[in-house]
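For reference, the chains in residue letters:
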Amino acid sequence: MSILIKGGTVVTADQSYQADVYCDKGIIQAIGENIEVPSDCQVIDAKELLVMPGGIDPHTHMQLPFMGTVASEDFFTGTSAAAAGGTTMIIDFVIPNPQQPIMEAYNQWMEWAEKSATDYSFHVAITWWDDSVAKDMGTLVNEHGVNSFKHFMAYKNAIMAEDETLIHSFSRCLELGAMPTVHAENGDLVYHLQKQMLAKGITGPEGHPLSRPTEVEGEAANRAIRIAQALNVPIYAVHVSCEESLQAITRARSEGQRVYGEVLAGHLEIDDSVYRNPDFEFAAAHVMSPPFRPKKHQEALWRGLQSGNLQTTATDHCCFCADQKAAGKDDFSLIPNGTAGVEDRLSILWDSGVVTGRLTPNEFVAVTSTNSAKIFNIYPQKGSISVGADADIVIWDGKGKRTISAKTHHQNIDFNIFEGRTVQGIAMHTISRGKLVWTMGKLNTVKGSGQYVKRPAFSGDFDAMKKRAALYEPKPVDRS
Ligand code: URQ
Ligand code: ZN
Ligand code: ZN
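Trainee: Explanation requested: the sheet that holds strand E4 (residues 20-24) in the structure shown.
Mentor: Across the sheet, four strands lie side by side as E5-E4-E1-E6; this open sheet has mixed pairing. Pairing within the sheet leaves two strands with one partner each, and these edge strands are strand E5 (27-32) and strand E6 (42-45). Put simply, the sheet's adjacent strands are angled 20 degrees from each other on average, direction ignored.

Encoded structure:
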């Protein structure tokens, strides 16, 4: 069944214009006026509405096994909830246990993700190192369309990558044309400060931010950026939450280093007062890493988005319900880290970004979709409204309002960090590969209809970087 989106305003990352959009066979077939369509074509009236590329969330963790439990959102419920909010693709994470063969972990996540309702891809985490890891990275890039590898600098005694692993893996990324990404927190410092807080008798969720102050993130962000600089490889920092890491990124970018930064909808809008709430469940529900920060950091992060020093927005959607969070009732370091957001990211960014004038609608599209597609090398297949692109489209009501609540959201979690907030900007219709998966408040997702999106290795950036590196190829001094 083909779809004609009629009478809307197409909004892309670089322009806005009146045009109809015709989709068939999962692809955008035509954009313009008076398009000839078959008699059985479904027509969607998009008058007064905006026709934008479906959101891409470059950071989710569906059904992640973590801290002794498993995230409550799976790939079907999570991609369905995403569709309800206008997001049509996620990039999730394969996270091997230390010493676990990388390909074994990759195959496990691919199996879990088969139930997805919309398209998905994977960053693969490097949590340990030996020659087999280097080899598997090559297999993933050359045969499986993985072009990004994640490094957790936090989570000591679990999935934390030491500097030596970062150096091996970043170097391998350059060889392969893959993007290294980092969760930048100094895991040794966190571990030390956790012990310090517990020794002081601070066992409640208020201990979580106290053990992860912003300097813990700023140090790690700067260290990862400097390692990437020394190795002449690009780098992408996930969930930048504070001024210190934004400053490290801004400095590097102003010196011409290829550094990208991602910010979460939650970190843009929620501050650390949540951890001092007397209700344990409420405070624990907000335990994620990096933690929500004091207010001044939110404004800094918005300036980062506006200035272009942060390029993408995400959610780090990693759901744990109250009974799971209760594992840390007497010790905050045992509270599974993670919060939700995949359904609300676009509305939050519109309400707090476009309605306030911080972002134009075109910039909104860039930071919710197009920039992720470009950075992870799937543009214009994804992140664009162009003939030949996948028909991943959100038909957006920029004036419509809704009140966010766990009582009504489609996310499989009993809490919503944006609970009670009325937002302006809602997805009226969401189209995934030419199928209407969300329309007028009703989900039409089908388990397993999502497809795995291969992301080719980078050539351009890296070839240029390799050439530049060759320019400065150090030579031995001839002392003969
Ligand atoms: O660190 C992450 O990104 C994963 C484990 C989700 N949890 C979190 O607190 N951010
Ligand atoms: Zn993380
Ligand atoms: Zn994450």
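Still more ground to cover, so stick around.
Trainee: Would you take a moment to explain the coordination of the zinc ion (ligand 3) for this structure?
Mentor: Under ideal tetrahedral coordination, the four donors around a metal are separated by 109.5 degrees; under ideal octahedral coordination, the six donors are separated by 90 or 180 degrees. Summarising the metal site, the zinc ion (ligand 3) is bound by the protein donors His-59 (NE2), His-61 (NE2) and Asp-316 (OD), whose distances to it range over 2.0 to 2.3 Å. One can describe the site at the zinc ion (ligand 3) as tetrahedral: its four donor atoms subtend angles covering 85 to 131 degrees at the metal. Within one chain, the residues serving as donors to the zinc ion (ligand 3) are arranged as H-x1-H-x254-D. Between the zinc ion (ligand 3) and the zinc ion (ligand 2), a separation of 3.5 Å is found.

Trainee: Whenever I open this one, helix H8 (residues 243-254) confuses me. Can you help?
Mentor: The periodicity of an α-helix, 3.6 residues per turn, causes residues three or four places apart in sequence to face the same way. Between its first and last C-alpha, H8 extends 16 Å over twelve residues, near the 16 Å set by a 1.5 Å rise per residue. Taken as a whole, H8 has its buried residues at Glu-243, Ser-245, Leu-246, Ala-248, Ile-249 and Ala-252. The inward-facing, buried residues of H8 contact helix H7 (214-231), strand E15 (235-237), strand E16 (259-264) and helix H11 (296-307). Positive phi shows up at Gly-256, right after H8, with a value of about 85 degrees.

Trainee: For this particular structure, what's the right way to read the site of ligand 1?
Mentor: In the vicinity of ligand 1 lie 13 residues, with Tyr-155, His-183, Ser-289, Asp-316 and Asn-337 positioned nearest. One of the side-chain nitrogen or oxygen atoms of Asp-316 is found 2.6 Å away from a nitrogen atom of ligand 1. Between ligand 1 and Asn-337 there is a distance of 3.0 Å, counted from a nitrogen atom to a backbone nitrogen or oxygen. Protein burial of ligand 1: of its 290 Å² of free accessible surface, 100% is covered by the chains. If you map ligand 1 onto the pockets, it falls in the largest cavity. The residue inventory of the shell around ligand 1, partitioned by class, reads five nonpolar, seven polar and one charged.

Trainee: Teacher, can you tell me more about the state of the cysteines here?
Mentor: The final tally for this structure, using the stated rule, is zero disulfides. Of the cysteine sulfurs around Cys-23, a residue in no disulfide, the closest is that of Cys-41, at 8.6 Å. Take Cys-23: its relative accessible area is 2%, and that puts it in the buried class. Lacking any disulfide linkage, Cys-242 is separated from the closest cysteine sulfur, that of Cys-318, by 20 Å.

Trainee: Would you mind showing me how to read the side chain of Lys-325 here?
Mentor: Its place among the elements puts Lys-325 in helix H12 (residues 322-325). Buried charged residue Lys-325 carries no salt bridge. Nearest counter-charge: Asp-414, at 9.0 Å. In this structure Lys-325 touches Phe-280, Ala-284, Ala-285, Val-287, Phe-320, Ile-335, Pro-336, Asn-337 and Gly-338, once residues within four positions along its chain are discounted.

Trainee: What is the right way to read the coordination of the zinc ion (ligand 2) from this model?
Mentor: Looking at the zinc ion (ligand 2), the protein donor atoms are His-183 (ND1) and His-239 (NE2), and they sit 2.1 Å from it. Taken together, the four donor atoms surrounding the zinc ion (ligand 2) define angles of 56 to 145 degrees at the centre, an arrangement classified as irregular.

Trainee: Got a minute to help me understand the pattern of salt bridges in this structure?
Mentor: It is possible for side chains bearing opposite charge to pair when their charged atoms get close. Counted according to the given criterion, the structure contains 23 salt bridges. A salt bridge links Arg-433 to Asp-119; its shortest N-O distance comes to 2.7 Å. Of this pair, Arg-433 sits in the loop between strand E19 (422-432) and strand E20 (435-439) while Asp-119 sits in strand E12 (residues 119-125); the two residues are 314 residues apart in sequence, bridging distant segments of the chain. You'll find Arg-433 and Asp-119 in the same group, each marked buried.

Trainee: Mind showing me how you'd approach the packing of H8 against H11 here?
Mentor: Packed helices, taken two at a time, are described by the angle between their axes plus the distance between the axes. As a packed pair, H8 and H11 sit with axes 9 Å apart at the nearest point and diverge in direction by 25 degrees. Taken together, the axis directions place H8 and H11 in an arrangement best described as roughly parallel. Relative to H11, H8 is oriented so that their crossing is left-handed. On H11, the residues touching Glu-243, Glu-244 and Leu-246 of H8 are Lys-296, His-297, Ala-300, Leu-301, Arg-303 and Gly-304. Among the residues making up the contact of H8 with H11, the classes are represented as three nonpolar, two polar and four charged.

Trainee: I'm lost on empty space enclosed by the protein in this one. Help?
Mentor: Where empty space is left can be seen by rolling a probe of water-molecule size over the atoms. One pass over the full model with this rule turns up four cavities of 30 Å³ or more. The computed volume of the largest cavity comes to approximately 140 Å³. Surrounding the largest cavity, 18 residues form its lining, His-61, Phe-66, Tyr-155, Asp-316 and Asn-337 being those nearest its centre. Class assignment for the residues of the lining of the largest cavity results in eight nonpolar, eight polar and two charged.

Trainee: Just to check I follow, could you spell out helix H1 (residues 75-84) for this structure?
Mentor: With nine of ten residues buried, H1 lies mostly within the body of the structure. Of the surrounding elements, those touching the buried residues of H1 are strand E11 (87-94), helix H2 (102-113), E12, E19, E20 and strand E21 (442-443). Between a side-chain oxygen at the N-terminus of H1 and the backbone nitrogen of Phe-76 the separation is 2.7 Å; the capping residue is Asp-74. One or two positions beyond H1, positive phi appears at Gly-86, with a value near 95 degrees.

Trainee: Looking at this model, I keep getting lost on the pairing of E5. Mind explaining?
Mentor: Pairing of E4 with E5, which is carried by five bridges, proceeds in the antiparallel orientation. Across the sheet, residue Asp-20 finds its bridge partner in E5, namely Gly-32. Remark: two residues form the turn of the hairpin made by E4 and E5, two consecutive strands paired antiparallel; Lys-25 in that turn has positive phi of roughly 55 degrees.

Trainee: Explain the sheet that holds E20 to me, please; I cannot follow it from the model alone.
Mentor: The strands making up a sheet associate through backbone hydrogen bonding, with each pair oriented either parallel or antiparallel. The strand order E3-E2-E7-E18-E19-E20-E21 describes an open sheet built from seven strands, whose pairing is mixed. Single-partner strands in this sheet number two, and they are strand E3 (16-18) and E21. Relative to E19, strand E18 (residues 393-403) runs antiparallel, the two sharing eight bridges. Following the sheet pairing, Ile-393 is matched in E19 by Ile-431.

Trainee: Looking at this structure, I do not really get the pairing of strand E13 (residues 148-152). What am I missing?
Mentor: On a regular strand, each side chain points to the face opposite its neighbour's, so the side chains alternate between the two faces of the sheet. Judged by how many residues are buried, E13 sits mostly within the fold: five of five residues are covered. Of the two faces of E13, the one holding Ser-148, Lys-150 and Phe-152 and the one holding Phe-149 and His-151 are both buried throughout. Pairing of E12 with E13, which is carried by two bridges, proceeds in the parallel orientation. The residue bridging Val-124 from the neighbouring strand is Phe-149, located in E13. With five bridges joining them, E13 and strand E14 (residues 179-183) adopt parallel strand pairing. Residue Phe-152 lies in a different strand from E14, and its bridge partner there is His-183.

Procedures and definitions
Residues numbered from 1 in each chain as written. Chains lettered and ligands numbered in written order. Predicted model: local features only at pLDDT ≥ 70, side-chain atom pairs only at ≥ 80, totals over all residues. Heavy atoms only, no water. Pairing = 2+ DSSP bridges. Helix = DSSP H or I, 4+ residues; strand = E, 2+ residues; numbered from the N terminus. Axes fitted to C-alpha atoms, helices over the stretch in contact; angles between N-to-C directions. Donors = N, O, S within 2.8 Å, 3.2 Å for Na, K, Ca; no water. Tetrahedral: all angles 85-135°; square planar, octahedral: opposite > 155°, others 65-115°. Expected span 1.5 Å × (residues − 1). Buried < 20%, exposed > 50% of the residue type's maximum accessible area, 1.4 Å probe, protein only. Contact = heavy atoms within 4.5 Å. Near = heavy atom within 4 Å. Polar contact = N/O pair within 3.5 Å; in protein donor to acceptor, adjacent residues only side chain to side chain. Areas by Shrake-Rupley, 256 points an atom, 1.4 Å probe, with all protein chains shown as cover. 1 Å grid on protein atoms, 1.4 Å probe; cavity = no way out; pocket = protein on both sides within 12 Å on 5 of 7 lines; lining within 4 Å. Sits in = over half its atoms within 2 Å of the grid points. Nonpolar A, V, L, I, M, F, W, Y, C, P; charged D, E, K, R; others polar. Disulfide = S-S within 2.5 Å. Lys, Arg positive; Asp, Glu negative; His and termini not counted. Salt bridge = Lys/Arg side-chain N within 4 Å of Asp/Glu carboxyl O. Parallel < 35°, antiparallel > 145°, perpendicular 65-115°, else oblique. Left-handed = near helix turned anticlockwise from the far one by under 90°. Points joined across faces, edges and corners; volume = space filled by probe spheres on them.

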